[in-house]
Amino acid sequence: MRRWNGWGDEAITYPVSPGAQRYLEAALGPGTPPRDAALAEVVARVPPSRLPAHPLVSTDPEQRVRHALGQSLPDWIAARSGTIAAFPDGVAFPSGNEEVRELIRYARDTGIRIIPYGGGTSVLGHLAVSPGDPPVLSVDLGRMNALIHLDEASHLATFGVGVRGPELEGALRGRGFTLGHFPQSWEYSTLGGWVATRSAGQQSLGYGRIEDLFAGGRLECPAGTLVIPPFPASAAGPDLRQLVLGSEGRLGILTEVTVRVSPLPARESFPAVFFPDFECGMVAVREMVQAGLPLSMLRLSTARETTTNLVLAGRERLVGLLERWLSLRGLGPDKCMLLIGLSGNRVLMRQARRLALEAARSHGGVPVVEAFGREWVKHRFRTPYLRNTLWEMGYAVDTLETATTWSKVPALLEAVERALREGLAPIGEKVYVFTHLSHVYPDGANIYTTYLYRLAADPAESLRRWQILKEAASRAIVDGGGTISHQHGVGTDHRPYLEAEKGPLGMEVLRSVCRTLDPAGIMNPGKLL
Ligand SMILES: Cc1cc2nc3c(=O)[nH]c(=O)nc-3n(C[C@H](O)[C@H](O)[C@H](O)COP(=O)(O)OP(=O)(O)OC[C@H]3O[C@@H](n4cnc5c(N)ncnc54)[C@H](O)[C@@H]3O)c2cc1C
């Protein structure tokens, strides 16, 4: 059963070793877990639904609780403490286009707002209901999860949008294909959600971001149906796919999506290299991506993140051996780990590995045993479960991300980390911060920062601490020439910063598209714009 107030399946836990616990206590001070509200307590507080009856709509209070929030830190604080400000008035689980159109008609005719719900993994308040809104219907696309058509000759697959990562890969792998899109939320996030938020998977360097994979689809809007055919390329005016990508449920409900798929790679491996410091690693990574090496991933951790990962791995004896081995090769406390993704046929992979390791060595990189990469692959969708464990130890954990050009990466990374590190100093609390570059391009990189701080007994105080940190880091991003989001989208949490990069005219263009496709403004109000 999926946790209603945390990450993932209730049966799965991610224990932290006593050594890692001591390390965190030394960094932040001892944590005290706040009291958690029980699901029954929250369900009992759900107010009566305001929706007119409809055969496709459930007003079951538990469903309304389970669809009230996503996975942002404010969402977690609200769910864990039972202080959810507002609930959707009902939830619908349509099984096809016709039912989606019927739900849009019902909403339009009765003044209801719609929030499309994919896998509920948004980290930016995309799914939250504002108190005082007119009645809200959450439309859960989870039943629309079938592989509709696979065009093997063209490498195109059309799915219902509610398909989650494992279901989608399962359907493709049986036919010898992969989408290669692996966001860390892959277990629960959906194809529709990926398109609606412009997500990026861990192997985006090889397979592309979702905007490279999204070939076409069908958007049911209050104003009608928008069908986007999957042309390989077209010069017929502006590309409407770019409007649908990142539309965050504001324009309509995506019901079908056609994606570009690839043949399953014959092999995959993830060699790891340690560099003397971050600067050496960054120059090596930049050279590799600018040389166009056929790699599927380059993921470079700062020294602080490298240390944290080694501590959290919990294998103190093995890590000790590694540290001694690396120190004999001249790598000390500033060392940084790079994971290199290789996917494809044997010949190409061998060549790509040779070239990547040559580039790494020329900047002081020291390759280590393959076991590191294998461990990372094994646990890559388990890491989010650590959020549950940390919460239960009394620590909040959140991430934020941006992208900028290579020339600005070092200063922006430092500015974001500093804003977070110093953010709670006035109230005497520490913040533990670490970063990696997780998606790289010839012209720049994504900066992905994780931060931890102590939870307070009062949920309002925990939220206030988050607001201080989010505001400080977002300011640092905007002032430092970064985008407010490389992959998580806008939702409510990034909305105040959007105009800084779109400009007033750009914002008006977006508003006018919303007005055309959704004249009465019933779709996911308050998100994005
Ligand atoms: C632990 C964790 C790890 C994550 N890792 C990554 C990562 O590696 N890369 C990354 O890019 N993101 C990541 N995310 C963020 C999140 O998973 C992505 O934003 C994801 O794309 C959301 O998909 P979803 O199906 O859960 O959508 P939801 O959260 O349900 O919805 C997100 C938004 O999309 C809209 N929407 C959803 N489906 C449709 C539809 N069919 N039609 C119209 N609008 C729709 C919703 O209305 C909402 O505005 C992570 C989140 C968590 C919690």
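None of these values were measured; they are calculated from a predicted model. (Residues numbered from 1 in each chain as written. Predicted model: local features only at pLDDT ≥ 70, side-chain atom pairs only at ≥ 80, totals over all residues. Heavy atoms only, no water.)

Participant: Looking at this model, I keep getting lost on the pairing of strand β14 (residues 297–301). Mind explaining?
Facilitator: The side chains of a regular strand alternate between the sheet's two faces. Across the five residues of β14, five count as buried, placing the element largely inside the fold. Every second residue of β14 is oriented toward a common face, with Met-297, Arg-299 and Ser-301 on one face and Leu-298 and Leu-300 on the other, all of them buried. Here four bridges tie β14 to strand β15 (residues 336–344), and the two strands are oriented antiparallel to one another. By the bridge assignment for β15, Arg-299 is matched with Leu-339. (Buried < 20%, exposed > 50% of the residue type's maximum accessible area, 1.4 Å probe, protein only. Helix = DSSP H or I, 4+ residues; strand = E, 2+ residues; numbered from the N terminus. Pairing = 2+ DSSP bridges.)

Participant: Looking at this model, I keep getting lost on the sheet that holds strand β2 (residues 90–92). Mind explaining?
Facilitator: The strands that make up a sheet pair up through hydrogen bonds in the backbone, lying either parallel or antiparallel. Strand order in the open sheet formed by four strands is β1-β2-β4-β3, with mixed pairing between adjacent strands. Edge strands, defined here as strands with exactly one partner in the open sheet, are β1 (57–58) and β3 (113–117). Alignment of β2 against strand β4 (residues 136–140), held across three bridges, turns out to be parallel. Its bridge partner lying in β4, Gly-90 is registered against Leu-137.

Participant: How should the pattern of salt bridges be read in this particular structure?
Facilitator: Pairs can form between side chains of opposite charge once their charged atoms are near each other. Following the criterion strictly, the structure yields 32 salt bridges and no others. Of the charged contacts in the structure, one is a salt bridge between Arg-80 and Glu-392, with a shortest N-O distance of 3.5 Å. A residue pair is termed long-range when its members are at least 10 positions apart, and Arg-80 in helix α4 (residues 73–81) and Glu-392 in helix α16 (residues 386–392) qualify at 312 residues. Arg-80 sits in the buried class, given a relative accessible area of 3%. Judged by relative accessible area, Glu-392 falls into the partly exposed class, the value being 45%. Arg-418 is paired through a salt bridge with Glu-414; the nearest N and O atoms lie 3.6 Å apart. Of the two residues, Arg-418 and Glu-414 both sit in helix α17 (residues 409–423), four residues apart, roughly one turn of that helix. Residue Arg-418 is classed as partly exposed on the basis of its relative accessible area, which comes to 37%. (Salt bridge = Lys/Arg side-chain N within 4 Å of Asp/Glu carboxyl O.)

Participant: Would you take a moment to explain the sheet that holds strand β5 (residues 147–151) for this structure?
Facilitator: Within the open sheet, the five strands sit side by side as β5-β6-β10-β8-β9. Their pairing is antiparallel. Each edge of the open sheet is held by one strand with a lone partner, namely β5 and β9 (224–228). Neighbouring strand axes in the sheet, compared pairwise and without regard to direction, differ in orientation by 10° on average. Bridging between strand β8 (residues 214–221) and β9 involves five bridges; their strand directions are antiparallel. When the sheet's bridge partners are listed, Leu-219 is paired in β9 with Leu-226. (Axes fitted to C-alpha atoms, helices over the stretch in contact; angles between N-to-C directions.)

Participant: Would you mind showing me how to read the environment of Gly-394 here?
Facilitator: Along the chain, Gly-394 falls in the loop between α16 and β17 (395–405). Separated by 343 residues in sequence, Gly-394 and Leu-51 place their C-alpha atoms 39 Å apart. Aside from chain neighbours lying at most four places away, what touches Gly-394 is Gly-31, Thr-32, Pro-33, Tyr-453, Arg-454 and Leu-455. (Contact = heavy atoms within 4.5 Å.)

Participant: Whenever I open this one, the packing of α4 against helix α18 (residues 459–479) confuses me. Can you help?
Facilitator: Packing of α4 against α18 leaves a shortest axis separation of 10 Å and a crossing angle of 175°. One finds that α4 runs roughly antiparallel with respect to α18. For the pair α4 and α18, the contacting residues are Leu-73, Pro-74, Ile-77 and Ser-81 in the first and Pro-459, Ser-462, Leu-463 and Trp-466 in the second. Within the contact of α4 with α18, the residues separate by chemical class into six nonpolar, two polar and no charged. (Parallel < 35°, antiparallel > 145°, perpendicular 65-115°, else oblique. Nonpolar A, V, L, I, M, F, W, Y, C, P; charged D, E, K, R; others polar.)

Participant: Sorry if this is basic, but what is going on with the site of the ligand here?
Facilitator: Near the ligand you find 36 residues, and of these Pro-116, Gly-118, Thr-121, Ser-185 and Thr-190 are the closest. Residue Ser-122 places a main-chain N or O atom 2.8 Å away from an oxygen atom belonging to the ligand. One nitrogen or oxygen atom from the main chain of Gly-193 is found 3.3 Å from an oxygen atom belonging to the ligand. Considered on its own, the ligand offers 970 Å² of accessible surface; in the complex 97% of this is hidden by protein. For the shell around the ligand, the secondary structure elements donating two or more residues are β3, α7 (191–197) and β10 (253–260). When the residues that make up the shell around the ligand are grouped by side-chain class, the tally is 14 nonpolar, 20 polar and two charged. (Near = heavy atom within 4 Å. Polar contact = N/O pair within 3.5 Å; in protein donor to acceptor, adjacent residues only side chain to side chain. Areas by Shrake-Rupley, 256 points an atom, 1.4 Å probe, with all protein chains shown as cover.)

Participant: Sorry, what's going on with α18 here?
Facilitator: With 21 residues, α18 should reach 30 Å at 1.5 Å per residue; the first-to-last C-alpha distance of 30 Å fits that figure. Residues of α18 that are buried: Glu-461, Ser-462, Arg-465, Trp-466, Leu-469, Lys-470, Ala-473, Ser-474, Ala-476 and Ile-477. The secondary structure elements touched by the buried residues of α18 are α4, β17, α17, β18 (431–441), β19 (444–454) and α19 (495–517). Of the residues flanking the start of α18, the one acting as N-cap is Asp-458, its side-chain oxygen 3.0 Å from the backbone nitrogen of Ala-460. At the exit of α18 stands Gly-481, carrying a positive phi of roughly 80°. (Expected span 1.5 Å × (residues − 1).)

Participant: Is there a simple way to explain the state of the cysteines in this structure?
Facilitator: Joining two cysteines, a disulfide is a covalent bond between their sulfur atoms. Evaluated as defined, the whole model comprises zero disulfides. With no disulfide of its own, Cys-336 lies closest to Cys-280 among cysteine sulfurs, the gap being 8.7 Å. (Disulfide = S-S within 2.5 Å.)

Participant: Explain the domain arrangement of the protein here, please?
Facilitator: By a frequent convention, interface size equals the accessible area lost on bringing the separate parts together. For the protein, the domain assignment lists domain 1 (31–263 + 494–529), domain 2 (267–383) and domain 3 (395–479). Put simply, the middle of domain 2 and the middle of domain 3, counted by C-alpha atoms, are 24 Å apart. Facing 14 residues of domain 2, the contacting portion of domain 3 comprises 15 residues. Together, the buried faces of domain 2 and domain 3 total about 1400 Å²; carbon and sulfur atoms form 64% of this surface. (Domains from an automatic or database assignment. Buried area = accessible area lost by both parts, 1.4 Å probe.)

Participant: Teacher, can you tell me more about the nonpolar core here?
Facilitator: One broad trend across soluble globular proteins is that nonpolar side chains are buried collectively. Formed by 70 residues in total, the largest nonpolar core has its most connected members in Met-288, Leu-437 and Tyr-453. Those residues within four positions of Met-288 in sequence are excluded, and the remaining contacts are Leu-293, Leu-295, Leu-298, Leu-338, Ala-356, Ala-359 and Ala-360. In terms of nonpolar packing, the next biggest core, distinct from the first, is built from 48 residues, Val-100, Ile-112, Leu-219 and Ile-228 among them. (Core = buried A, V, L, I, M, F, W, Y, C linked by side-chain atoms within 4.5 Å.)

Participant: Just checking my understanding: could you explain the packing of α17 against α18 for this structure?
Facilitator: In helix packing, the relevant descriptors are the interaxial angle and the interaxial distance, both defined with respect to the helix axes. One can describe the packing of α17 onto α18 by two numbers: an axis separation of 9 Å at closest approach and a directional angle of 160°. Here α17 is positioned roughly antiparallel relative to α18, judged by the angle of their axes. Of the two possible hands of crossing, α17 and α18 adopt the one that is right-handed. Across the interface between the two elements, Leu-412, Ala-415, Val-416, Ala-419, Leu-420 and Gly-423 from α17 touch Ile-468, Leu-469, Ala-472, Ala-473, Ala-476 and Ile-477 from α18. Tallied by class, residues from the contact of α17 with α18 come to 11 nonpolar, one polar and no charged. (Left-handed = near helix turned anticlockwise from the far one by under 90°.)

Participant: What am I meant to see in the pairing of β17 here?
Facilitator: In terms of burial, β17 is largely enclosed, as nine of its 11 residues are buried. Where β17 lies against β19, 11 bridges are found, and the strand directions are antiparallel. Pairing of Tyr-395 across the sheet is with Arg-454, part of β19.

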